Amino acid sequence: MASKTLYSQRDPMLKRDGFEDILEERRNSSDLKYALRCYAPVLYKGVTPCKANMLKNIVLQSDQLRYVINQVSQESGEAPDIIQEEASVILEEMAHRLQISTVRFFAFALSKAFKTLFQHVCVNEEGIQRLQQAIQEHPVVLLPSHRSYMDFLLMSYILYTYDLALPVIAAGMDFMGMKFVGEMLRMSGAFFIRRSFGGDKLYWAVFSEYVKTMLRNGFAPIEFFLEGTRSRTCKSLTPKLGLLNIVIEPFFKGEVFDVNLVPISISYERILEESLYARELLGVPKPKESTSGLLKARRILSEDYGSIHVYFGQPVSVRSLAQGKVNRSTYNLFPRHIPRKPMEETQSFVNDTAYRIVRLQEDNMVLKPWVLMASLLLQNLEGMELSVLTEQTVWLRGLALSYAAFLDWPDHAPTAKVVSSSLALHRGLACVSGGRVSLVVGEPLGPVTPEEALFNRAVSVLSCASYRNQVLHVFLRPAMLAVAMHTAASSKKNEVYNCFSFLWDMFSNDFILCPGDTVQDFEEACYLLVKTGAVQMPQQDIVMTDIGQPTLSFFNGLLEPFLQGYQVVCRYLCEEASEGLTEKQYIPAVRSFAVKLILAGNLRCYEVLSSDMQKNALAALLRMDAVRKVKVADQVTLIVNKMAVNSIDDILGKNRMISHINQTQISPSLSLVAVAEDLCRDGLTPSYIR
Amino acid sequence: MLTSDSCLSLHKHGSSMASDSNSSESQRIAQQRLRIIAGHLQKHKDDDSGTIATECKAEANKGTVPRKRQEIMKWNGWGYSDSKFLFNKKGQAEFTGKRYRLSGMVLPSLQDWFENTFGASVNHKSPATPALNASAVPPASLNEAFVEDLKATGIPFSHEAEDRVFRAHGHCLHEIFALREGKKFERVPDMVVWPNCHSDVVKIVELACKHNVCLIPYGGGTSVTSALECPPEETRCIVSLDTSQMNRILWIDEKNLVAHVEAGIIGQDLERLLNESGYCTGHEPDSMEFSSLGGWVATRASGMKKNVYGNIEDLVIHIKVVTPRGVIEKSCQGPRMSTGPDIHHFILGSEGTLGVVTEVTMKIRPIPEYQKYGSVVFPNFEAGVACLREVAKQRCAPASIRLMDNEQFQFGHALKPQVSSIFTNFVEGLKKFYITKFKGFDPHQLVVATLLFEGDRERVLQHEKQVYDIAATFGGLAAGEDNGQRGYILTFVIAYLRDLGMDYYVVAESFETSVPWDRVLDLCRNVKERINRECKERGVQFQPLTSCRVTQTYDAGACVYFYFAFNYRGLADPVHTYERVEHAAREEILANGGSLSHHHGVGKLRKEWMKESISSLGVGMLQSVKDYVDPDNIFGNRNLL
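Residues numbered from 1 in each chain as written. Chains lettered and ligands numbered in written order. Predicted model: local features only at pLDDT ≥ 70, side-chain atom pairs only at ≥ 80, totals over all residues. Heavy atoms only, no water.

### Some details on the overall build of chain A
Part 1: The number of helices and strands found in chain A is 26 helices and 16 strands.
Part 2: The burial tally for chain A puts 57% of its 690 residues in the buried class.
Part 3: Counting contacts in chain A only where the partners sit at least 6 residues apart, residues at least 24 apart contribute 79% of the total.
Part 4: For chain A, the accessible area works out to roughly 28,300 Å², and carbon and sulfur atoms hold 54% of it. (Helix = DSSP H or I, 4+ residues; strand = E, 2+ residues; numbered from the N terminus. Buried < 20%, exposed > 50% of the residue type's maximum accessible area, 1.4 Å probe, protein only. Contact = heavy atoms within 4.5 Å. Areas by Shrake-Rupley, 256 points an atom, 1.4 Å probe, with all protein chains shown as cover.)

Structure (structure tokens):
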């Protein structure tokens, strides 16, 4: 069942399943009946479901936990009983209490909500069948992409609909803040983990044993988000390895024959949190989860959010993946119940697996026409003729299809219709006036300062970028090659490769680039560009063809915001940053630096205002040793190696324009942060939605 | 010498397995007493002859095995020529001959079990080639000078094709399969010699060194590790050194309870001869009917009653080995020594790579007064393993305790002979009802532990109670002596059953490992699953049989024994498929914390994993011993290293 060939799945001709709309039946039959129908899923090897209390007992009495309890007790001098009690409290706080009645309530309520919010909820039924098979054969871990709070309710809803075993879901503790909802979620299978528990040995032990116990016994599929948090940019996030390590370890230790990882891609035509995310990225803090906040969100119910596509990927067998990569017998000489740091070999395997799974998620993300349109609009911020947009969208569609994008383009509809209905659905982001399409900029009430105007424009650019970002994984490799060709200013293959490799390394926090895959990615990029006729590769050269210009310049434009953004960060660090810049100050400082540049007319890139890009750029510089972190007292200070940063800036900036900064033009007191904070006080709703 | 306690093997439980053992308890005890008395009477005679017995003389062979083994044993299968399973005209299974308890009996449920388990049919036969095709045997390439010198010693030898082929193989599946198919042999020994005693061996080894001839020791021929296979790249003359005629007990020392025995003696003869004096070794590997003492030493054999008597390394007091460098001996028979690493441990498990074991002094015990079988049924394998673990923890394991999984339990049941009385039938039915319906055991989950107690009567009964009490805490129900005994019958006829399977497109093999207690369950589950997967992936059309039992318990772990069989109809090269699956299964064992072997040895079959198992430094240590003892690789079977 499980795919053995994860590594060769990069075939551009990969075959994908068709979709069924599960809302269709909901619109035609009783939701109540549906919520109350007989639900009897098949479990792993026919095990009987385990009561939540029994599960807790198994965990508390496990050798693993007992060992850690004794260890902690010896270290702290507390009696083991007390530590045991602590463990019990942690478990109480963490554990799920799945109840079928709650599930039925959700089945009913969500049916109503989904029908209002969405046109379709589409699921690939073949994927469901594969999953059903997998659940019976091996412990299963569900790994959905994470773009919205909806994700896990949606997952459980779908599994209930298909009479599959409901997963237990690792959820962040922040949900617990919503008293009632938190408990509801708990009763629908969520278990709660603290966001950070770095040094807490006992917490870690309880948590990992809890997850492993469920996995080993196959009581229920485990579900968690590899990305760790919702991606605010709609780009996949660098995977987090903690939970993946936990679910894979039972295989290495021989406690289970295999573990199946199921990548699941959830694509939203319109994300509920769309504009909230943009604001968050601009420094307006994320609203704390609260029940009242959720109730306010009811307003959302009046909007049309298009369709959702949920694609259940081919289950990936950990056993097949690990074949020849991890020697399981290295676990033979150590008692299995004593926690140990994974070996290097294992760590890199888990890391590699995490990346592969995220790429599989990306591969099966469904893209809507609007995603292509957003990519074009962002390269024409001053707006473009509708006819040009339409024409270029058609062109881009062809390109995307030849790069194996999973495009959901309506059958038999004229292109103009497709474009206009996309614009209609996203009327909050783009509008047509006088035959020109341009981004909508929210008009705040009252007088507008230049900073406020800038902020509003940034919100709409970042919102729009979150759609363009969805297509990046399709074009990323050829686009980096296009930029490399541009930057290298040479047609020698090895020089282009050096540039490519530099960009690959530089951007590996922003995009999902599997560690060690540089050469493979380069070859894939070459293959794709040659295939679509944009470049030729005579002997040791790479050259653009006569017809290659539009493709290459589109690709250059596609990555332009990232190149510029990183460059701004470099400039800031070289020219502005004071000695003793702390990590905390870094983001607001870069932001106000960028604001100055934009207001001065020296920078037209708004995306650099995104804290996501700023963080990624810093991470890249840290990785490349151009910046070091030093801990002084309680503060982490950034030490900049200006030479190194400068040379990175040089490579990024080759042939690119950011005019030199004229300090005097900018009044330092007006920082965007202040504006953002003002807005924050006003309330969280973006003005243009009001 | 490379015989071993082979997996597929025959097993004799003292007298209990023989056809006379239906006698009542009191009769049996009386017989045993008689034997003991007879033993005491004989004692003086033995003591007298003891001094001269060490001399080598070509006396009439009293052992079971003749020089021409093929006269009494199958050339292409297991055991005696007169004993085999077959499906008669009515489709019912029968076991022919008179030697065993099952001999001459009809086994009515075997056919159903066989057909259902394997998807096989008694109508689809895959018969073996009836006789050895001499033209398929490569001609003997003799070292004439060696032959001349050997003739002068008067030691018997042969270069007939049948003798040579018989010693070119052990009992691995691929070996037996090739014989049955009449495949051409790549390399077989060029001649066979039959030394009669230690000094004959000394002469042979001297001549082999002088003329650069390759020697391969051969004991009982029950190897299941390709240890007897001739290396195809060997260009020298290969001489198979058959120790079967070195089969005397040279003396018995009752004060120290040891016996000095020629290493070619096979298990059944050793036990029979010692019994005549009221003693036994208690070493009963499943292959004891055919495997030899020298083979046990050379492979580190293990006997089913090791809990009372110990494994071979615990039993030997002294070993005499003839090597190209000379004879290895110790200076005394002290029960334990601190004289550097024990040189016996270079010999134990050397698999015929260093020399020939000629004489062994080993511990003996008085025949136990009382023996009792028993069995316990558990609701599932997990409960059974937990119970065995507890028994090992409390160090109260009976002489033998084994836990058979559900598949093996059902297999055992298929071997039930026709029940003559309606009453027995009724009682059986009632038992089944009690266990499955009343106690709620799932017949497809339940497992059975088989037990064998030994000692004086009172202690046995006490011991039995202790074990049953432990079992009860794990949900175990005592299930009677008969069930216990049947479990052991399965072990002893399994190799004969493999021949039956091969008549009907079913290939089968077994393998073993040892593993820490906490990993037993995981290892069993994962290995079975791996076999099932591999079979599927390699195009085996029918569900394979995978079955295991925990067959030995230790303080820190257990020995696990697997059976694995499948119907190979539709496969182009079943042996290759089988070998790939077995290879995968071994990898799975190693990955799950199991050892490369508990008692079968390494041979050539598992050589590739030696470095991984004992580190390259460890292999280097062994190699340096080999280089010192046998610099010219006279003992060139290429096992182990």
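### Notes on the interface of chain A and chain B
A common way to report how large an interface is uses the accessible area buried once the components associate.
Part 1: Each side of the interface is counted separately: chain A has 16 residues, and chain B has 15 residues.
Part 2: Overall, the association of chain A and chain B removes approximately 1,300 Å² of surface from exposure, summing both partners, and the carbon and sulfur fraction of that is 31%.
Part 3: On the chain A side of the contact with chain B, A:F257, A:N332 and A:R336 bury the most area, a combined 42% of that side's loss.
Part 4: One salt bridge connects A:R336 with B:D522, and the closest N-O pair in it is separated by 2.8 Å.
Part 5: Viewed at the interface, chain B and chain A are joined by 13 residue pairs in polar contact (both at pLDDT 80 or more).
Part 6: Residues of the side of chain A that touches chain B, tallied by class, amount to four nonpolar, four polar and eight charged. (Buried area = accessible area lost by both parts, 1.4 Å probe. Salt bridge = Lys/Arg side-chain N within 4 Å of Asp/Glu carboxyl O. Polar contact = N/O pair within 3.5 Å; in protein donor to acceptor, adjacent residues only side chain to side chain. Nonpolar A, V, L, I, M, F, W, Y, C, P; charged D, E, K, R; others polar.)

### Topic: the sheet that holds strand β5 (residues 191-193) of chain B
Residue and element names in this part refer to chain B.
Part 1: With respect to topology, four strands assemble into an open sheet ordered β4-β5-β7-β6, the strand pairing being mixed. Single-partner strands in this sheet number two, and they are β4 (157-158) and β6 (214-218).
Part 2: Alignment of β4 against β5, held across two bridges, turns out to be antiparallel. If you follow S158 over to β5, its bridge partner there is V192.
Part 3: Sitting on the sheet, helix α3 (residues 144-153) touches β4, β5 and β7 (238-242), and the angle it makes with β5 is about 25°.
Part 4: Against the sheet, helix α6 (residues 198-211) engages β5, β6 and β7, with an angle of about 150° to β6. (Pairing = 2+ DSSP bridges. Axes fitted to C-alpha atoms, helices over the stretch in contact; angles between N-to-C directions.)

### Quick notes on the packing of aromatic side chains
Part 1: Going through the model one piece at a time under the given rule, you end up with 48 aromatic pairs over all chains.
Part 2: Where B:F177 meets B:Y568, the ring centres are 5.6 Å apart and the plane angle is 75°; that geometry is what we call edge-to-face. Taken together, the residues B:F177 in helix α5 (residues 173-181) and B:Y568 in the loop between β21 (557-567) and α18 (574-591) connect sequence positions 391 residues apart. Residues B:F177 and B:Y568 agree in their burial class; the two are buried.
Part 3: Measuring from ring centre to ring centre gives 5.6 Å for B:Y373 and B:Y488, while their planes differ by 50°; the resulting arrangement is tilted. Highlighted residues: B:Y373 in strand β15 (residues 370-378) and B:Y488 in helix α16 (residues 480-503), separated in sequence by 115 residues. No difference in accessibility class separates B:Y373 from B:Y488, as the two residues are buried.
Part 4: Over the ring of A:F334 we find A:R340, and its NZ or CZ is 4.1 Å from the ring centre.
Part 5: One residue, B:R67, lies across the ring of B:W194, its end atom 5.7 Å from the ring centre. (Phe/Tyr/Trp six-rings, centres within 6.5 Å; stacked < 30°, edge-to-face > 60°. Lys NZ or Arg CZ within 6 Å of the ring centre and 35° of its normal.)

### A word on the pairing of strand β9 (residues 258-262) of chain B
Residues and elements named next belong to chain B.
Part 1: Buried residues dominate β9, accounting for five of its five residues.
Part 2: Residues V258, H260 and E262 line one face of β9 and the alternating positions A259 and V261 line the opposite face, and both faces are buried.
Part 3: Connecting strand β8 (residues 249-253) to the antiparallel partner β9 that follows it, the hairpin turn spans four residues, and L257 within it adopts a positive phi of roughly 55°.
Part 4: Across five bridges, β9 lies against strand β13 (residues 356-363) in antiparallel orientation. Of the residues in β13, the one forming a bridge with E262 is E359.

### A short note on the UniProt feature "binding site: substrate" (unreviewed entry) in chain B
Residue and element names in this part refer to chain B.
Part 1: Here, the residues flagged by UniProt with the feature "binding site: substrate" (unreviewed entry) are R498.
Part 2: Within the secondary structure, R498 sits in helix α16.
Part 3: Overall, R498 belongs to the buried group, its relative accessible area being 6%. (UniProt positions renumbered as here; feature names shortened; annotations may be inferred.)

### Some remarks on a nonpolar patch on the surface
Residues and elements named next belong to chain B.
Part 1: Where nonpolar side chains cluster on the molecular surface, the patch consists of F433, Y434 and F438 and spans about 360 Å² of accessible area.
Part 2: Checked against the element boundaries, Y434 lands in helix α14 (residues 422-438).
Part 3: Using a relative accessible area of 38% as the deciding quantity, one classes Y434 as partly exposed. (Patch = residues over 30% accessible without salt bridge, like charges linked within 9 Å, V, L, I, M, F, W, Y side chains within 5 Å.)

### Regarding the packing of α3(B) against α6(B)
All names here are of chain B.
Part 1: Between α3 and α6, the least distance of the axes is 10 Å, while the angle of their chain directions is 160°. Considered as vectors, α3 and α6 are oriented roughly antiparallel to each other. Note on packing geometry: the crossing formed by α3 with α6 is right-handed. Across the interface between the two elements, A145, F146, D149, L150 and T153 from α3 touch K203, I204, L207, A208, K210 and H211 from α6. (Parallel < 35°, antiparallel > 145°, perpendicular 65-115°, else oblique. Left-handed = near helix turned anticlockwise from the far one by under 90°.)

### Regarding the environment of B:F157
All names here are of chain B.
Part 1: Mapped onto the fold, F157 is located in strand β4.
Part 2: The spacing of F157 and S126 is 31 residues in sequence and 36 Å in space, taken between C-alpha atoms.
Part 3: Excluding its chain neighbours within four sequence positions, the residues that come into contact with F157 are V147, L150, K151, M191, V192, V193 and W194.

### Focus on α6(B)
All names here are of chain B.
Part 1: With 14 residues, α6 should cover 20 Å at 1.5 Å per step; its first-to-last C-alpha distance of 20 Å lies within 8% of that length.
Part 2: Where α6 is concerned, the buried positions are H198, D200, V201, I204, V205, L207, A208 and H211.
Part 3: At the C-terminal side of α6, N212 shows a positive phi close to 50°. (Expected span 1.5 Å × (residues − 1).)

### Digging into the side chain of B:T513
Part 1: Residue placement: B:T513 occurs in strand β19 (residues 506-516).
Part 2: Beyond its immediate chain neighbours, meaning those up to four positions away, B:T513 contacts B:L523, B:A558, B:C559, B:V560, B:R586, B:I589, B:G594, B:S595 and B:H598.

### Focus on the pattern of salt bridges
Part 1: Applying the stated criterion across every chain yields a total of 76 salt bridges over all chains.
Part 2: In this structure, B:D190 engages B:R187 in a salt bridge whose closest nitrogen and oxygen atoms are separated by 3.2 Å. By the burial criterion, B:D190 is buried, and B:R187 matches it.
Part 3: Each of A:R319, A:R328, B:R530, B:E534, B:R538, B:E587 and B:E588 takes part in a single network of salt bridges with overlapping partners.

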